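Structural description and commentary
Below are the chains, spelled out letter by letter.
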Amino acid sequence: MRALDLNYMLGLVPVILGYVPLTIGMALAAMAGALVLASLMAVERVVRVPVLDLFVKLFISFFRGTPLLVQLFLFYYGLPQILPVLAGINGVTAAIIGLTLHFSAYMAESIRAAILGVDRSQWEAAKSVGMTQTQSMRRIILPQAARVAAPTLANYFIDMIKSTSLAFTLGVTEMMGATQKEAAGSFLYFEAFLVVAVLYWVIVEMLSLLQKRLELRLNKALAR
Amino acid sequence: MISILGLTKRYGTNTVLDAIDLEIAAGERVAVIGPSGTGKSTLLHCLNYLDRPDSGVIRIGDLTVDAATARPADILALRRRTAFVFQNYALFANKTARENITEALITVQRKPRDEADLRADAILREIGLSDKAEAYPAALSGGQQQRIGIGRAMALDASLMLFDEPTSSLDPQWVGEVLDLMRRVAERRQTMVIVTHEMQFAREIADRVIFMDGGRIVEQGPPAQLFDAPRDKRTESFLRRVR
């Protein structure tokens, strides 16, 4: 066994850190998109709009039932061949859209479960004061469901950060892509991938701390 | 003036409300009593369309809602003329005490926030919970929650207030404060229908008491007559059991 090249590793840290904004940026963009899409699908799954319900179920089933990597390849390398409109799409955009679709399918199920978990009497109370179904959902049910779903959704965000590393397979130079290039030049694969692994780890731990604070805030209404 | 014609509700083959006819004058306070599972709560839920009746007509002032033809807009209009106090309080868990009262004023009645807040503060004073304005329901006792529940209903200025066993979920120590508040609401000649097991309370504040059994109105009359000289055997035996 040879000794680790610590100087190389230390020098690599700032290089990879330079790509953290792109990694976080992709994850944030995909998370925002996935939250909106997932909430819409979750509400639809609870209300059950005829015909649309079938499409939503199919969507969720497909994106949960196939690997993210396959979805990304299908989307980036495959789709432009039959839909020329997509030919100009860049890797970052493709990765964000792919992550959005993939994670929205999972998140829709968590949000749906959280909505169904809200006590029936909350619906009745909202109806009894004359609120419409939309008002009840937006003002009373969804905020309570959000509190229940928050820990799970935060976990998906953490998962999302890690999954952005797959964007390097679409030619995107993010944290993983940059590391790969560096390693290919130095042949110090172990050092390079160890550094990127630790950096992902640190990011995730920092997010976990944030997650705990968010949950405390959301639990305010339940505090005695 | 409120009239109910042929109100019927079935669950499967079980007829829970069997063609109820009922007229309630403006300002009248009606108490509904009877054994458990005889449709008292269902009657109230149907009056608010929280349960949709299978047939029957509800008329409140110039609004007529027929179960055969009722569209969502009719149901909303009916709910905006009625207020409901729940057995389990059913306060909005994600809203403070004050927000529970202002919520419908802002989202349903489209009142400006400051006007709604003023109204809520007046109501909070009236129900003696000004100091709990910012508290969330989970931090309140059962009695306090139910008083907010009544306050939320009061804020709606509804033609008809419906009380569904408002003290049945309460620990005995909180029953008194809730009944006191209801007494004060009744003193204003607010039209109300109260489903209750508190016989003494019903006798004291009701203009009319209705005894229900098997999804029907068996007997009704002024409290003194119904409690002291019931005409029907079922009323008599029920009253004997609860005394």
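Here, residues in each chain are numbered from 1, in the same order as that chain's written sequence. Numbering of ligands from 1 and lettering of chains from A proceed in the order in which they are written. Under the rules for a predicted model, residues below a pLDDT of 70 receive no local features and side-chain atom pairs below 80 are neither given nor counted, while totals for whole chains, interfaces and linings still include all residues. With hydrogens and water set aside, each side-chain value is computed from the structure's full complement of heavy atoms.

Attention now goes to the environment of B:Met161. All names here are of chain B. Where helices and strands are cited, they refer to DSSP runs of H or I of at least four residues and of E of at least two residues respectively, numbered from the N terminus. Relative to the helices and strands, Met161 resides in strand E7 (residues 160-164). For the pair Met161 and Leu17, spaced 144 residues apart in sequence, the C-alpha separation works out to 20 Å. Contacts are residue-level and defined by heavy atoms, with any inter-residue pair within 4.5 Å sufficient. Once residues lying within four places of it in the same chain are set aside, the contact partners of Met161 are Ala83, Ile150, Ala153, Met154, Val185, Gln190, Thr191, Met192 and Val193.

Moving on, we get to the interface of chain A and chain B. Each partner contributes to the interface: chain A provides 21 residues, whereas chain B provides 26 residues. Computed with a 1.4 Å rolling probe, the buried area is the accessible surface lost when two parts are put together, summed over both parts. Each partner contributes to the roughly 2100 Å² buried at the junction of chain A and chain B, and carbon and sulfur atoms together form 56% of this total. The rule for a salt bridge is simple: a side-chain nitrogen of Lys or Arg has to be within 4 Å of a carboxyl oxygen of Asp or Glu. The interface formed by chain A and chain B holds one salt bridge in total. Across the pair A:Arg139 and B:Glu103 runs a salt bridge whose closest N-O atoms are separated by 2.6 Å. Sorting the residues of the side of chain A that touches chain B by element identifies helix H6 (120-128) and helix H7 (133-163) of chain A as the ones contributing at least two each.

Before going further, it helps to spend a moment on the UniProt feature "transmembrane region" (unreviewed entry) in chain A. Residues and elements named next belong to chain A. Summarizing the sequence annotation, UniProt attributes the feature "transmembrane region" (unreviewed entry) to residues 16-42, 54-76, 82-103 and 187-210 in the numbering used throughout. Summarising residues 16-42: 93% helix, 0% strand, and an end-to-end C-alpha distance of 37 Å. Helix makes up 92% of residues 187-210 and strand makes up 0%, while its end C-alpha atoms are separated by 36 Å. UniProt positions are given in the numbering used here, feature names are shortened, and annotations may be inferred rather than shown by experiment.

Formed by 137 residues in total, the largest nonpolar core has its most connected members in B:Leu7, B:Ile150 and B:Met161. Sort the elements by how many residues they give to this core and helix H5 (residues 91-117) of chain A lands first, with 12 residues. Sequence-distant contacts of B:Ile150, that is, excluding residues within four places in its chain, are made with B:Val85, B:Met161, B:Phe163, B:Val178, B:Leu181, B:Met182 and B:Val185. Residues B:Ala31, B:Ala202, B:Val209 and B:Phe238 belong to the second largest nonpolar core, which totals 12 residues. By nonpolar core is meant a set of buried Ala, Val, Leu, Ile, Met, Phe, Trp, Tyr and Cys residues that side-chain atoms within 4.5 Å join together. The classification of residues rests on relative accessible area computed with a 1.4 Å probe and restricted to protein chains. Under 20% of the type maximum is buried, over 50% is exposed, and intermediate values are partly exposed.

Here the focus is the environment of B:Lys233. All names here are of chain B. Along the chain, Lys233 turns up in helix H9 (residues 233-242). A relative accessible area of 68% places Lys233 in the exposed class. Distance from Lys233 to Val218, taken between C-alpha atoms, is 9.8 Å for residues 15 residues apart in sequence.

So, about the packing of aromatic side chains. Aromatic ring pairs are described here by two measures, namely the spacing of the ring centres and the angle between the planes. All names here are of chain A. For this analysis, a ring pair means two rings from Phe, Tyr or Trp (six-membered ring only for Trp) whose centres lie within 6.5 Å, classed as stacked if their planes differ by under 30 degrees, edge-to-face if by over 60, and tilted for the remaining angles. Evaluated as defined, the whole model comprises nine aromatic pairs over all chains. Aromatic side chains Phe62 and Phe63 sit 5.1 Å apart centroid to centroid with 90° between the ring planes, which places their arrangement in the edge-to-face category. Judged by relative accessible area, which is 38%, Phe62 ranks as partly exposed. Here Phe73 and Tyr77 contribute two aromatic rings whose centre-to-centre distance is 5.1 Å and whose plane-to-plane angle is 75°, an arrangement assigned as edge-to-face. Highlighted residues: Phe73 and Tyr77, both in helix H4 (residues 68-82), separated by four residues, approximately one helical turn.

On to the side chain of A:Gln211. Checked against the element boundaries, A:Gln211 lands in helix H9 (residues 189-218). Beyond its immediate stretch of four places on either side in the chain, A:Gln211 contacts A:Pro151, A:Ala154, A:Asn155 and A:Ile158.

It is worth spelling out the UniProt feature "domain: ABC transporter" (unreviewed entry) in chain B at this point. Using the residue numbers shown here, the UniProt feature "domain: ABC transporter" (unreviewed entry) corresponds to residues 2-239 of chain B. The straight-line gap between the two end C-alpha atoms of residues 2-239 of chain B is 28 Å; of that span, 38% is helix and 26% is strand.

The next point concerns unusual backbone geometry. Positive phi outside glycine occurs at A:Phe187, with the angle close to 60°. Here A:Phe187 is to be found in the loop between helix H8 (175-186) and H9. Judged by relative accessible area, which is 60%, A:Phe187 ranks as exposed. Although it is not a glycine, B:Arg110 adopts a positive phi angle of roughly 60°.

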